[in-house]
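Geometric and topological summary
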Amino acid sequence: MALAATSGPLPFLLTSAHAATAAPPTLTINAPDRYLPRSYNLESAGTVGDVNRTELDGSGDFTAYRWSPVTGDPQTVGKDPADTSTERIGGHASDVVGVYTRADRSVELKDMKAGTSARFTLPEGQTYHGTFGETVVTATWTAGGDVDSLHLLRLRDGQLTDTPVTGENGVRAASYKVLGANADLLAIFVSGDPTGQVGLVDLATGKITGVLKNSWGSSFTQVVFSETYAGWFDPAYGDQKVHLLRRDALGGAETTVDVASAYEQRSFVALVGDWVVSLRQTESYRNSDAPKDRGEPLLATPIGGGETKTLLPHARLGGTYGLNPTPDGGVLVAGGSSGGDWAVRKVSAQADGSLGVSAVRAVTPKPGTYGAVTLAAGDLAVQETDTNYLPSLYKRHIELGDTPSAGTRSLVAEPALSTDGTGGSAGNGAYALGDGTFAYTHTSGIEVRSNPDDAAVLTVPGGGQVVDASGRYVVFGYGYVSGFGQYQQYVIDREKSGDNKVLLTRAASAAAVWGTTFWTPGDTKGTVKATDLKSGKTESFSLGKECTPTDLQAVGRWVYWTCEASGDPTGSGVWDRTTQRMIDVPKGGELGDGFVVLHDETAGKLQLVDFHTVNSVTTRALADIAGYLARGYFAVDRFGGGVAYVPGRGKPGAMRAVGSGVPTSALAEIETQPETSVDLQSATDSRWDGSWQLSKPAAAGAQVVIKDAGGTVVRTLDAAQHGAELSAAWDGRRLDGELSPNGLYTWELAAAPRDGQGAELKLSGAITVTGAGAEATPNSSSHLAAESGYGAVRHRDSLAARRENAL
């Protein structure tokens, strides 16, 4: 009692106390799937599994190299985590995986199908360059750093054999690079043959058995095999054809197949049966064609000529050779239609010569990442950074309390597609307005919308961001900035007539808006002033400190202020407009109805400071959140009392929401704009409209009753609800469907609070009706039923009679 009667700031009594009642249950909202599929980098494909590295949850890192069998759990085949600086994992179209360890120059050949392994040490002077089936390819070097020779190493009955690669008539290996391989052939660069630069090596003998004529060498050269053909492809100089020669007649006629490719987006190819399978590399920049961020289409073109077919809408390259041939002549690739449809798939030749695609193993989608969050009247919006082709704004309606729930997620705004990767993001700095809409920065000012189809762009002459917003009013530009005189701040009235919606332009400073009340630093230091944006009425209070606020927030009876500018005494508190008391509350929080939420980085907790009883301040933890959590990544529902938060900027994890547990204030109107007259013969606006921005959502069933001058009910309207806003429209017709006579009418709104806290809200006003004919007299509508149900029947019967007369 003594504290309540004392003027000046109330002490921050309890800094770690818990509320007496149990905390409301927390609603968990898992992130939707990421737009991009989980990366699955295929390295080699065998008959019973494949070697791969898979993207981990929680980061962009990858697993160690693993052998994933067709059935069963993956098995790590190298170090975990993978360390390519000390170890190399290799394989090609085989169940044998080679593990080369740099430290001791050893190679372990693991037969994943047989479950056996063998190890040997490289001969002195040889360097490891890859494993192809049971063959290990090494190189020796000249004193000048050129390749001296290639060697094929194998274990036979426990003994290491070393077969050098040799050619005839001066043909020799010209590089250590292996361009392609199958069970019996190896493709390498050669020199000494005037017909071409790609030679084929017999794996059994090490002999260069032939050269692919007209072939040249570059870092892009690929060589592919089938039972019938050997082919080479190199788009380095604009050649977009796969050149095919029969393996039994390398000097014979060449067949070519066109493959679209380019330097920036080159293709990778493989042969399956009588088809060339191709996949273009995804652009180095994103958003030129958004769906292709998931990968380009996997295509197949018949070698004998014919239409190119799409095997998969999207597939992504991974590993050393792009597309991964299987020992039986197929190709393994990761692809699908979306992140939720991603799988390891095999392309195989069918008996009729066509190609079939079968799923080998599903690739689990990767959860997306939440960005900044905003919440008002249960309407929760969050910028999802990677669940769409570029960061986009999504919303859902939540209900909190004993049985919290979340509604269906829907899109609010997404960036337009671009052709140069500059699509940016949508919904930056989004702010929930309490009427079901969200305001955020747009290229020309502010964009306000509730879904992709209802955008309203509010042009503002200067740049900035949404500083604060409430219903029809949006404060845009800059808040407190050191040297703020050079920056501007604009108060936008969304309902202002005309294209120019700027109601007020001022020098930037701390600012807040609630309903029609606009709060700013006062005219003298150490004060705060409020101006009613409709009436011009002002009020003010003293901070008790000689400082200028750097942050202001307002909700109902509460005004939260912070001073922390250089040269000003620091401080913070909440002013109670009802009791005219100052309450000592920590800085850095988000204001709600009777509480503040802030993140205590030292304690690693999201805290709720409850001051609604004024003379007792308590604090309780809402969540454990380690590290730094910026404002914007937790949000307070000023129109209802909920709290939502995400793990943090760029951090994966679920979004959560919880009721504050603090009793809300009584339901009240904070801004109202019902029309006072209606001309029923107007060519532009022949109906009466009313809207009421409330302090929190009303319960379902709110109604507006229209009465004539004698007090008789003329019409009962169901109020439409948009967040914490109610609206109604009257076409001037009575319960029987006839136009109401000219005259004076009244409207009465009755709305109960959705949360059940506080009394029913009742509002009323007058409407002047013109354009309908004779003036209404008291009780002239007394013959009408007061019950809307009866009136609805009369209205329906009247319409039916008119239709019958017309016929």
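Residues numbered from 1 in each chain as written. Predicted model: local features only at pLDDT ≥ 70, side-chain atom pairs only at ≥ 80, totals over all residues. Heavy atoms only, no water.

1. Focus on the overall build of the chain
To be explicit about the condition: Here a helix means four or more residues in a row that DSSP labels H or I, a strand means two or more in a row labelled E, and each is numbered from the N terminus. When a residue's accessible area, from a 1.4 Å probe over protein chains only, is under 20% of the maximum for its type it is buried; when over 50% it is exposed; and in between it is partly exposed. Should any heavy atoms of two residues lie within 4.5 Å, those residues are considered in contact. Only the protein chains shown count as cover for residues, and the accessible areas themselves come from Shrake-Rupley with a 1.4 Å probe.
Counting its secondary structure elements, the chain contains 2 helices and 67 strands. Here the chain, with 807 residues, has 50% of them falling under the buried criterion. Expressed as a percentage of contacts within the chain between residues at least 6 apart in sequence, the contacts between residues at least 24 apart total 46%. Summed over all atoms, the accessible surface of the chain reaches about 34700 Å², with 48% contributed by carbon and sulfur.

2. Some details on the packing of aromatic side chains
Quick note on the threshold: Aromatic rings from Phe, Tyr and Trp, taking only the six-membered ring of Trp, are treated as a pair when their centres fall within 6.5 Å; an angle between ring planes under 30 degrees marks them as stacked, one over 60 as edge-to-face, and anything in between as tilted.
This model, assessed by the stated rule, comprises 13 aromatic pairs. Relative to Tyr389, the ring of Tyr35 lies with its centre 6.5 Å away and its plane at 75°, an arrangement referred to as edge-to-face. On the criterion of sequence distance, the pair formed by Tyr35 in the loop between strand S2 (26–29) and strand S3 (40–45) and Tyr389 in the loop between strand S32 (379–384) and strand S33 (392–399) is long-range, its members being 354 residues apart. Residues Tyr35 and Tyr389 agree in their burial class; the two are buried. A ring pair is formed by Trp216 and Tyr237, whose centres lie 6.1 Å apart and whose planes are at 70°; its orientation type is edge-to-face. Placement of Trp216 in the loop between strand S18 (208–212) and strand S19 (222–225) and of Tyr237 in the loop between strand S20 (229–233) and strand S21 (241–246) is noted, with a sequence separation of 21 residues between them. Classification of Trp216 by relative accessible area gives partly exposed; the value is 23%.

3. Details of the sheet that holds strand S61 (residues 688–694)
In plain terms, the rule: Pairing between strands is defined by DSSP: at least two bridges between the two strands are required. For helices, the fitted axis covers only the stretch in contact; all axes are lines through C-alpha atoms, and the angles between them, taken along N-to-C directions, range from 0 to 180 degrees.
Read from one edge to the other, the open sheet built from 4 strands follows the order S59-S61-S65-S64, with strand pairing classed as antiparallel. What marks the edges here is a single partner per strand, and that holds for strand S59 (669–672) and strand S64 (720–722). The average undirected angle you get between the axes of adjacent strands in this sheet is 25°. Here S59 runs beside S61; their pairing, made up of 3 bridges, is antiparallel. Looking at S61, one finds that Glu671 is bridged to Gln693.

4. Some words on the environment of His92
Formally: Throughout this description, a polar contact denotes any pair of N or O atoms lying within 3.5 Å of each other; where both atoms belong to protein, one of them has to be capable of donating a hydrogen while the other can accept it, and for residues adjacent in sequence the pair is counted only when both atoms sit in side chains.
Looking at the secondary structure, you find His92 in the loop between strand S7 (87–90) and strand S8 (96–101). Relative accessible area serves as the criterion here: at 8%, His92 is assigned to the buried category. In this structure the C-alpha to C-alpha distance between His92 and Asn182, which are 90 residues apart in sequence, comes to 7.8 Å. Engagement of the side chain of His92 in a polar contact is seen with the backbone oxygen of Ala181, the distance being 3.0 Å.

5. Details of the state of the cysteines
Such a bond, covalent and formed between the sulfur atoms of two cysteines, is termed a disulfide. Quick note on the threshold: Pairs of cysteine sulfur atoms within 2.5 Å are what we label disulfides.
Considering all chains together, one arrives at 1 disulfide under this definition. Paired through a disulfide, Cys547 and Cys563 show a sulfur-sulfur distance of 2.2 Å. On the S-S bond that ties Cys547 to Cys563, the torsion sits near 75°, and the link is right-handed. Placement of the pair is Cys547 in the loop between strand S47 (538–542) and strand S48 (551–555) and Cys563 in strand S49 (residues 558–563), with a sequence separation of 16 residues. The buried category is assigned to Cys547, whose relative accessible area is 0%.

6. Focus on the side chain of Arg66
The condition is simple: Only four residue types enter the tally: Lys and Arg on the positive side, Asp and Glu on the negative side, with His and both chain ends excluded. Think of a salt bridge as a Lys or Arg side-chain nitrogen and an Asp or Glu carboxyl oxygen that are within 4 Å of each other.
Here Arg66 shows up in strand S5 (residues 66–69). It turns out Arg66 is buried and unbridged, and the closest side chain with the opposite charge, Asp50, is 7.8 Å from it. In this structure, Arg66 is in contact with Asp50, Val51, Asn52, Thr54, Pro74, Gln75, Thr76 and Val77, ignoring residues within four places of it in sequence.

7. Overview of the environment of Gly571
Residue position: Gly571 is located in strand S50 (residues 571–576). On a C-alpha basis, the gap between Gly571 and Asp584 in space is 8.8 Å, while along the polypeptide they are 13 residues apart. Contacts of Gly571, omitting those with residues within four sequence positions, involve Lys545, Trp561, Thr562 and Cys563.

8. Focus on the pairing of S2
Side chains Leu27 and Ile29 project from S2 onto a buried face, and the interleaved Thr26 and Thr28 project onto a face without burial. As paired strands, S2 and strand S58 (residues 655–659) are joined by 4 bridges and run antiparallel to one another. Among the inter-strand pairings, Ile29 is bridged to a residue of S58, identified as Met655.

9. Structural notes on the confidence of the model for the chain
So the rule is basically this: In predicted models, pLDDT denotes the confidence assigned by the predictor to each residue on a 0 to 100 scale.
Looking at the chain, the pLDDT average stands at 89 and 90% of residues meet or exceed 70. Considering only residues more than four positions removed or in separate chains, one finds that residues 1–20, a stretch of pLDDT under 50, has 37 contacts. Across residues 779–807, confidence stays below pLDDT 50; counting only partners more than four residues off in sequence or on other chains, it has 28 contacts.

10. Looking at the nonpolar core
Stated precisely, the cut-off is as follows: In plain words, nonpolar cores are sets of buried Ala, Val, Leu, Ile, Met, Phe, Trp, Tyr and Cys residues tied together by side-chain atoms within 4.5 Å.
Counting residues in each nonpolar core, the largest one holds 43 residues, and the members touching the most others are Trp519, Phe541, Trp561, Ile583, Val585 and Phe611. Aside from chain neighbours lying at most four places away, what touches Val585 is Tyr560, Ser572, Gly573, Val574, Val596, Val609 and Phe611. Judged by nonpolar contacts, the second largest core, of 29 residues, contains Ile29, Leu629, Phe634 and Val646.

11. What to know about the pattern of salt bridges
With the rule as written, the count across this model stands at 33 salt bridges. Of the charged contacts in the structure, one is a salt bridge between Arg361 and Asp50, with a shortest N-O distance of 2.9 Å. Highlighted residues: Arg361 in strand S30 (residues 355–362) and Asp50 in strand S4 (residues 49–54), separated in sequence by 311 residues. The exposure class of Arg361 is buried, given its relative accessible area of 17%. Take Asp50: its relative accessible area is 1%, and that puts it in the buried class. Through salt bridges with shared partners, one network takes in Arg472, Asp493, Lys534 and Glu671.

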